[in-house]
Amino acid sequence: MGPKKKKKSSGKKKVSKAEQLRLQKEEEERRLKEEEEAQLQAQQEEAARLEKERIEQEQMENLEAKDQERRESELAELHSLEQKFLSAQQWKTDYRANAKWEHYLSCDGSPDPTVLQEINTFMSLWREDRNEDVQLVMEKGEQVLNLIEKLQFLLLDTSPNEITEKETVQYQESILELQNLLHQKYNEATEHLLKTANTYEDSETGNMQAVIKDKNVTFCIWANLKKKVRLPTDGFHTNLLLRKCQSVPKLEVLDSEELTQHSKDNVEEPEEEEKTDREEPRMPAEEEMCSDERKSASSFKENSSSIAGINEAEEKTEKKSEILDVPSQVQDPRMQEKTNEKQKAITDDSIVDLQQFVPVGGVYHIDALQLPPQVKQIKDWNMVELLDVGLEAYPYPPEEAEEATHPPIHITLRLSDHVMYFEDPVIARWDPAGQRWRTDGISNVTYKKQEKSITFEMDAFYTIALLQDAHCNMPYRAWELRPTGVDEALLRVTTVFATVQIQIKGNQCMLSSVAVEEKHVLSHVTGKWTSPLDLRAVLKKAGVNIFPGQYSYEYVSVNKKAPLAEVRAYQQMALVASAFAFAWSKWNLEAGQEKVVFKVSEHLKADSIEDKDWSLYMFNGQKAQKLKITETSETFSEELEEGTEFHSTLYHMLKDFASKEAIDKVEAASFLFIDVVYQLLLATRVLTYS
C-alpha cells in the first residue's frame, strides 16, 4: 500500500495570538474614538440647547419686562373700554325706573308687583271675588302670570347692588303667593264647572265632556252624570291631548265617585274620564319642582346672585379693569362643595335629583274627585246645595278596601310639538308628605318617539311631571361667535343632538334656528326678538338647555377653567365681538385649568371664515399670547408665534394684528350690544362646557 494522503483543512486559517491582540487594539481605539466623538457631539448639542434656552429665556424675560412696562397703560385703556359694561347696567337701571314711572302714569288698574301694598291689595280683592266663571278666571290668570313674570325678570336682571335682601325676599314671597292664589282660583273655576256640568252634557253619552281653553290655560273635563258608565276591570284608561305647552303647564284629571265605584263592574269603558287639563305658562321649573318653595324661589338668581371678587390681592391698576365680578355659577367648584353637601345626601334612587333633571312639557295634576251637587232648576229658580269642602278628592284605591287588588290607572299623554325630548322622558310623581319628586309608583312606561306619545301606569292618582336630563346637550361639540354687521353677531352652539343659532342685534337677541338631524324645529319660538334672559327661559321650557347651572359640573365631564380666566375672557371677547370672530379649539382641553385657548379671526364682512384665517390664542385672565401651533398640529405647545409678544389683555393682543377698521369698529360698538354678547357667553359658558 502506498502512503496515506493528507486531508485538506476544511476550517479557516487560524489567527495568531499577536494578530488577535492587534485587532482588539484597533477595535478598542475605534470604540474610544466613537465615544469621544459622541461625547463631543452631545456636549455641543447640550451647549447649543443651553444657548438656545438662554436666548429664549432672555427673549422671554425681555417680553415679560416689556409687558410689565406697558401693563398699567394697557389696563387703563381696557378699563376705559369696560366702562361700556357700566353704561349697560346704568341703562337697564334707567329703563326699569322709566317703566315704573310709565306704569304709574298709565293708571290702568294693574298693580305694581314691586310695591307690597299694591300687590297685597290686588291679591286680597281677587281672593274675595266670588265670581268663579272660568273665562273671567282665565283672563285674570293671564294678568297674574304677567305679574309673576315681571318679578322673576327683576330678580334675574337686577344687579345685586341695586336690590336689597329684603326686597329679594319680598319678591320671592309675592311670586309664591300669586302662584298659590292662581292655583286656588283654577280649583274654584273647576268646581264651578262641575256644579254646572249639565250645561256641558254630551248628547250621545249623556255625560259631561268639555274643553275650555285660551292661550295660557286649557281645561278638559269629563264627568259621569248618568251614573251608567261601564268600565272594564283592567283599570282606568285616559287619553290626554296637550295642544299648547308653554312654560310649565299644570294639568288636572278629575273623576267622579261613581266612576271609581263602577270600575268593579265587568263592563265597557267610556272614551274619556272626567278630567281637567290646565296649562299655566311662565312658571319657572325650579319653583314647580322644588320641595321647599322659598328656597326654590332663590334659584331665580342662579346667574346673577352670590357675587364674589376675582382676586383681592391684585394691584390697584388691575382692579380697575374688574368691572364685572365672577357670578356664582362660574366660581371654583371647590368653593361650592360645602354648599352642595345636601344634594349628595340623597341616597334613595327613587328620589329625583332636581339639579340633574328638569321638567319639560308640563306638570300634570291628576286627581279623582267627588262630583259636587248639581244645579237644579225649579220653576224660575236655579238651586244648588252649597258645600264648604271645595273640590273633594276621592281616594283610589278606596280606603275601605285596602286589602283588595285594584287595577292600575292607565295614562297616555300625547306630547306637544313645541317641546323637544332628546331622550326618553323620566316620569316622576309629587310626594306631598316628603315634599319631593319620586319615580316609584309609576310603571310600564312606553315612550313612542315617532308618535310623540308616552304611556304609563300609576297605582294611584298623582301629580306627575315629565323630566329630562338638564345636561343632555352638554358638553358642546363646538361653538362659534362671529359678527354679521354693525352691532350684530351670530352665536352658534353645536351639541350632540342639536345646533342652536342665536342672532344678536343691539340690546336684543333672537333664536334664529334649532336644527335636529338637519331638520329645523321649534318654529314657534324662532324669529322673535327678546332679551337674553327671556331667550334662555324660552329655550329651557322647550327642552333645549344650553345653559349650565351652578352644579352642572357634577353631572358633565368638563374641562374646568379658573374663574379669573373664563370670566375675563368672556368680557374681553364681548368687547371686541363687533370686529372679531371666535370659535372652539380642541387645544382648550390641553391647556389646563388656568388657561383658555380659542380660535380668533378678524371678521369685517358677512361671509364664512376659512380655516386658514383662524389663529390660536391663549389667555389666563392676566396675560394673552398668540400660539405658534394650529388646529391641525399633532401636539399642544405654548410656544409663541414668531414675532409676537405678550400682552396683559386680549384686546391689546388682537390689536397687534388688527386693521384700523377693526379697531374703529371695536371702539364704536354699542354698549348694549357688548352687554348682550357677554350675557350669552356667560350663560352658555362655552369655554368650559365644550
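No experiment lies behind these values; they were computed from the predicted model shown.

Tell me about the packing of aromatic side chains, residues and numbers included.
Under the defined criterion, the tally for this structure stands at eight aromatic pairs. Each ring, one from Phe422 and one from Phe497, has its centre 5.3 Å from the other, and the planes form 25°; the classification is stacked. Taken together, the residues Phe422 in the loop between β8 (409–414) and β9 (426–431) and Phe497 in the loop between β15 (488–494) and β16 (498–505) connect sequence positions 75 residues apart. Taking relative accessible area as the criterion, Phe497 reaches 29% and is therefore assigned partly exposed. Directly above the ring of Phe646 sits Lys623, whose terminal nitrogen or CZ lies 4.3 Å from the centroid. Here Lys626 stacks its cationic end above the ring of Phe657, 4.1 Å away from the centre of that ring.

Please provide a residue-by-residue account of helix α12 (residues 563–575), values included.
Taking 1.5 Å of rise per residue, the 13 residues of α12 would be expected to cover 18 Å, and the 18 Å separating its terminal C-alpha atoms lies within 8% of that figure. Among the 13 residues in α12, 13 count as buried, and that is most of the element.

So what's going on with the layout of surface pockets? Which residues, and what values?
Empty space within the second largest pocket amounts to approximately 1,100 Å³. Lining the second largest pocket are 37 residues; nearest its centre among them are Tyr95, Arg96, Ala99, Phe153 and Leu154. Secondary structure elements with two or more residues in the lining of the second largest pocket: α1 (17–106), α3 (134–157), α4 (165–195), β19 (529–530), α11 (532–541) and α15 (671–684). Taken together, the residues of the lining of the second largest pocket sort by class into 15 nonpolar, 10 polar and 12 charged.

Could you give an account of the pairing of strand β17 (residues 508–516), with specific residues and numbers?
Taken across its nine residues, β17 has seven buried, putting it largely inside the fold. Of the strand pairs in this sheet, β16 and β17 are connected by eight bridges, and their pairing is antiparallel. Bridge assignment links Val500 to a residue of β17, and that residue is Val514. Counting the residues between successive antiparallel strands, the hairpin from β16 to β17 contains two residues, one of them, Gly506, with a positive phi of roughly 60°. Note: β17 against β19, two bridges, orientation antiparallel. Paired with Met510 across the bridge in β19 is Trp529. Between β17 and strand β18 (residues 519–521), which pair antiparallel in sequence order, lie two residues; one of them, Glu517, sits at a positive phi of approximately 55°.

Would you mind going over a nonpolar patch on the surface in detail, with residue names and values included?
A cluster of nonpolar side chains, Trp101, Tyr104 and Leu105, forms an exposed patch at the surface whose accessible area comes to about 390 Å². Here Trp101 shows up in helix α1.

Mind laying out unusual backbone geometry, listing which residues take part and the relevant values?
Following Tyr396, the chain continues into Pro397 via a peptide bond in cis, with omega recorded as 0°. A cis amide bond links Met474 to the next residue, Pro475, at an omega of -5°. You can see Pro475 is positioned in the loop between β13 (463–469) and β14 (478–485). The phi angle at Gln435 is positive, at roughly 55°, despite the residue not being glycine.

Lay out the pattern of salt bridges in plain terms, naming residues and giving numbers.
Under the definition given, this model contains 27 salt bridges. In this structure, Glu566 engages Arg685 in a salt bridge whose closest nitrogen and oxygen atoms are separated by 3.0 Å. In this pair, Glu566 is assigned in helix α12 and Arg685 in the segment after α15, connecting sequence segments 119 residues apart. You'll find Glu566 and Arg685 in the same group, each marked buried.

Conventions adopted
The residue count restarts for each chain, going from 1 along the sequence in the order it is written. Totals for whole chains, interfaces and linings use all residues, but because this is a predicted model, local features are given only for residues with pLDDT of at least 70 and pairs of side-chain atoms are given and counted only at 80 or more. Based on all heavy atoms of the structure, the side-chain values leave hydrogens and waters out of the count. In this analysis, rings of Phe, Tyr and Trp, with Trp reduced to its six-membered ring, are considered paired at centre separations within 6.5 Å, and the interplanar angle assigns stacked below 30 degrees, edge-to-face beyond 60, and tilted for intermediate values. Labels follow the DSSP assignment, with helices taken as runs of H or I lasting at least four residues and strands as runs of E lasting at least two, numbered in each case from the N terminus. Whether a residue is buried, partly exposed or exposed follows from its accessible area with a 1.4 Å probe, protein chains only, as a fraction of its type maximum: under 20%, in between, or over 50%, in that order. Only when the NZ atom of a Lys or the CZ atom of an Arg is both within 6 Å of the ring centre and within 35 degrees of the ring normal do we say a charge sits over the ring. Here the expected length of a helix is defined as 1.5 Å per residue gap, with one fewer gap than residues. Of the two site types, the cavity is a set of points on a 1 Å grid over the protein atoms alone where a 1.4 Å probe fits but cannot get out, and the pocket is an open set with protein on both sides within 12 Å along at least five of seven lines, each lined by residues with an atom within 4 Å of a point. Grid points are joined across faces, edges and corners, and a volume is the space filled by probe spheres set on the points. Residues are sorted three ways: Asp, Glu, Lys and Arg are charged, Ala, Val, Leu, Ile, Met, Phe, Trp, Tyr, Cys and Pro are nonpolar, and all the rest, Gly among them, are polar. A pair of strands counts as paired when DSSP detects no fewer than two bridges linking them. A patch is a set of surface residues, each over 30% in relative accessible area and not in a salt bridge, joined within 9 Å for like charges and within 5 Å for the nonpolar side chains Val, Leu, Ile, Met, Phe, Trp and Tyr. Exposure was quantified through the Shrake-Rupley algorithm and a 1.4 Å probe, taking into account, for residues, occlusion by the shown protein chains and nothing else. What makes a salt bridge here is a side-chain nitrogen of Lys or Arg within 4 Å of a carboxyl oxygen of Asp or Glu, nothing more.

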